[in-house]
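# Chain and residue survey
Chain by chain, the residues:
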Amino acid sequence: MNPRVVGANLVVSIKSFYREKTAMFFTMAFPIILILVFGTIFMDKENVSLRLPVQDLDRTDSSAQLVEALELNGKFQITGVEPGIDATQYAKKYKRNLVLIIPKGYERYLMQRMRGNDLDASVTITYIYDPSSTSVATKMEILNSVFAGINQKMSGKPPFIRSAEKSILTKKYRFIEFFIPGIIAMAVMTASLFGTVNLNTELRQKGVIRKLSTTPITRTDWILANILYQFILAVISTAAMLLVSYAVFHVSLQINAWLPVFIVLDVFAFVGIGMILTRFVREAQSAAAAANAIMFPMMFLSGSFFPIEMMPGFLQTLARILPLYYVNEGLRASMVFVDNMAALRNSAIIGVFAAVVFILGIFATKWEEAK
Amino acid sequence: MTTRAEHVIEVEKLTKRYGVLLAVNDISFTVRTGEVFALLGPNGAGKTTTVEIIDTIRTPTSGKVSLLGMDVTKRKHDIVPRIGVLPQGFSSFDRITVRETLQYYARLFCRRNTDVDGLIELVNLKDKTNEHYKNLSGGLQQRLGIAIALVNEPEVVFLDEPTTGLDPRARREVWDVLLGLKKKGTTVFLTTHYMEEAELLADTVAIISKGKIIAMGSPGELIETNVDYLVLTLPFDDGKAFEIVRKMGFEPVHDNHENIKVRVERTDDVQKILNAIKDAGTSLRSLDVRKPNLEEVFLKLTGASLREGPAGGGGAE
């Protein structure tokens, strides 16, 4: 190993990267855009403001109080619908999946009940809804629980069953906090895999490797320079992703020693896979296709974007044989759940995997063109 | 080395097979210190295979090759720092400038005081110092490749088809650079399929065909010993002149440009042919008489033209 030679390669790689704008975009900007887009989509869902159009046919103080009670629940963003409008038509026209109708006489029946004039007096609140919409069930559940609470109160007796909530997590985490470790793992994987495949196949095809084989640079220097380069890129892109996450979404993540550990293992594992790939797929284009074939299932099945618990059982089993799954799990264990044991377990698994593929990769890398 | 061996390269019974294909077939030759040695032959003759075995890119099937007194198969590590190579189809990092590229290669050889500017000047790239490699034309890229081959002040420089694919002007500019090297006394091992290139640059030419060296010597010697005739070239006509020459007992042939070429032993024969054509009432637009060149030597030895490649030849280079 010659540090000067490794350094020279590192300089050339970084300069080439900096000057190649598309590579810059896909390595740096793309993961950030993903975070921004998904973060924004799911941020809306978290600070839920479910739209709820309410048609108040009663137009009394009591009905207004009911609307206020729904609003105070905090989950709804309520809009009024004029009494003269047909609610079904309204829902269709404005693509609303649920319209609530407070009937005429609401206050009158309420008074009868309250004053004890008629203990059987009741009102029917109508839900005009679209059963094909996915979020309508949530809305109806929330409404039902609000109404159940009101009914319970009116009975004048304390409820028998109360509930208490206790999270298994030290703190509640948001989707974006779940998402970011996954994107970091994915971005480092993509950059390492593609970086290695492109570098080796392109330079081999162009004949640069042949020229290099007539200089004192050794295979070890070359591989080491590539690993270092990929690691530098991974650090820069991770820092950029975290910066955006903190600045834009005010995430609360644990940054500890596990983060560099998982990034290093992520880099080694996928540079190793890249080196093995380039040994067997010699053409630059087919090598890129092969890299894609490895990367895409990994991206979607290993829990980068959503928890694997959302997938059917056999896919969950499949996810557990994907190396990226362990990087995802490990990063989440350290950054979100602060579970050192889980982080250790995952790092051991991906560590063994990385060591094996990297060593295979070293043997797979050839300087001379054996024709 | 304090005392330099007279022969920097010694090739003995070198053979290289690719499966069933015999690319290099039992060749032997030596290269002297300070000379420009050209391996001349058509595509597929085995030039690149030979040079890549000598400059340690490939390994031979059998035979012995020594470079700078060392066995190329055993001491690559010691040889590489002392040679410079411009491989066939040379290419470099797209987005790295001329200067940065030279600095990079100098660092690979762990040389702290390589005269990068001197090299840039030597290959006439001063105006392009800060140009990215991919923005250079083919000729400029080749010249950079030659400069790279010189970053370690090599004792032997290998240039594998340095002008293939270049237009005539770019080729001439590369030749100027190579003539500069020759003047400085650098030992150069050159492969080419351009006869003019070998004739212009080489002290010794080895003609290779189908993996065999079929003739070797200085360009003058090769011509002298192999062809003892003059070549008369007449412009294309409607066939009359061709017939007249043929009937006189000569063997005229049409060349690539459909001119008539006739081999004649003596200058008297030229006179005879011209008279006969004149007597037949046919006038000539032009004519050319000259001593044969390496092209004719090759043609005579192999029965094929350099450009077209030998009949039935070919193979991996």
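Every value quoted in this text rests on a predicted model; they were computed, and no experiment measured them. (Residues numbered from 1 in each chain as written. Chains lettered and ligands numbered in written order. Predicted model: local features only at pLDDT ≥ 70, side-chain atom pairs only at ≥ 80, totals over all residues.)

With that out of the way, let us pick up the overall build of chain A. Within chain A one finds 14 helices and four strands. The C-alpha atoms of chain A give a radius of gyration of 29 Å, which is well past the 21 Å a tight globule of 371 residues would have. Projected onto the principal axes, the alpha-carbon positions of chain A cover approximately 100 × 45 × 40 Å. (Helix = DSSP H or I, 4+ residues; strand = E, 2+ residues; numbered from the N terminus. Rg over C-alpha atoms; globule rule 2.2 N^0.38 Å.)

The next thing to look at is the packing of helix H1 (residues 3–19) of chain A against helix H3 (residues 98–108) of chain B. Put simply, H1 of chain A and H3 of chain B touch, their axes get as near as 8 Å, and they point 155 degrees apart. By the criterion of interaxial angle, the relationship of H1 of chain A to H3 of chain B is roughly antiparallel. Regarding H1 of chain A and H3 of chain B, the two cross each other, and that crossing is left-handed. Across from Arg4, Val5, Ala8, Val12 and Lys15 of chain A in H1 of chain A, the residues of H3 of chain B making contact are Glu100, Tyr104, Arg107 and Leu108 of chain B. Partitioned by chemical class, the residues of the contact of H1 of chain A with H3 of chain B number five nonpolar, no polar and four charged. (Axes fitted to C-alpha atoms, helices over the stretch in contact; angles between N-to-C directions. Parallel < 35°, antiparallel > 145°, perpendicular 65-115°, else oblique. Left-handed = near helix turned anticlockwise from the far one by under 90°. Contact = placed C-beta atoms within 7 Å. Nonpolar A, V, L, I, M, F, W, Y, C, P; charged D, E, K, R; others polar.)

Further remarks concern the domain arrangement of chain A. On domain assignment, one finds that chain A holds domain 1 (3–43 + 171–364) and domain 2 (48–154). The distance between the C-alpha centroids of domain 1 of chain A and domain 2 of chain A comes to 51 Å. (Domains from an automatic or database assignment.)

Okay, the pairing of strand S4 (residues 62–67) of chain B next. Looking along a regular strand, one sees side chains alternate from face to face of the sheet. All names here are of chain B. Strand direction decides the pairing type here: strand S1 (residues 7–18) and S4, joined by five bridges, are antiparallel. For Glu12, the partnering residue across the bridge sits in S4 and is Lys64. Here two bridges tie S4 to strand S5 (residues 70–71), and the two strands are oriented antiparallel to one another. Each residue of the ladder has a partner; that of Leu67, found in S5, is Met70. (Pairing = 2+ DSSP bridges.)

In sheet architecture, strand pairing relies on hydrogen bonds along the backbone and comes in two forms, parallel and antiparallel. Residues and elements named next belong to chain B. Spatially, S2-S1-S4-S5 is the arrangement adopted by the four strands of the open sheet, whose pairing is antiparallel. Both outer strands of the open sheet, strand S2 (21–32) and S5, are each paired with one neighbouring strand and no more. Strand direction decides the pairing type here: S1 and S2, joined by eight bridges, are antiparallel. Across the sheet, Arg17 pairs through a bridge with Leu22, a residue of S2. Along the sheet, helix H1 (residues 47–54) makes contact with S1, S2 and S4, crossing S1 at roughly 125 degrees.

Attention now goes to the sheet that holds strand S4 (residues 126–129) of chain A. All names here are of chain A. On the basis of which strands lie adjacent, the open sheet formed by four strands has the order S2-S1-S3-S4 and mixed pairing. Looking at the sheet topology across the chains shown, the edges are occupied by strand S2 (76–80) and S4. Sheet twist, expressed as the average angle between the axes of neighbouring strands with direction ignored, equals 30 degrees. Its contacts with the sheet put helix H3 (residues 61–72) on strand S1 (50–56), S2 and strand S3 (98–102), and the angle it makes with S2 is roughly 150 degrees.

Turning our eyes to something else, we now look at the environment of Asn152 of chain B. All names here are of chain B. Position of Asn152 relative to the elements: it lies in the loop between helix H5 (138–149) and strand S7 (156–160). Classification of Asn152 as buried rests on a count of 21 C-beta atoms within 10 Å. Residues within four places of Asn152 in sequence aside, it is in contact with Pro81, Gly84, Phe109 and Arg111. (Buried ≥ 20, exposed ≤ 12 C-beta atoms within 10 Å, placed from the backbone.)

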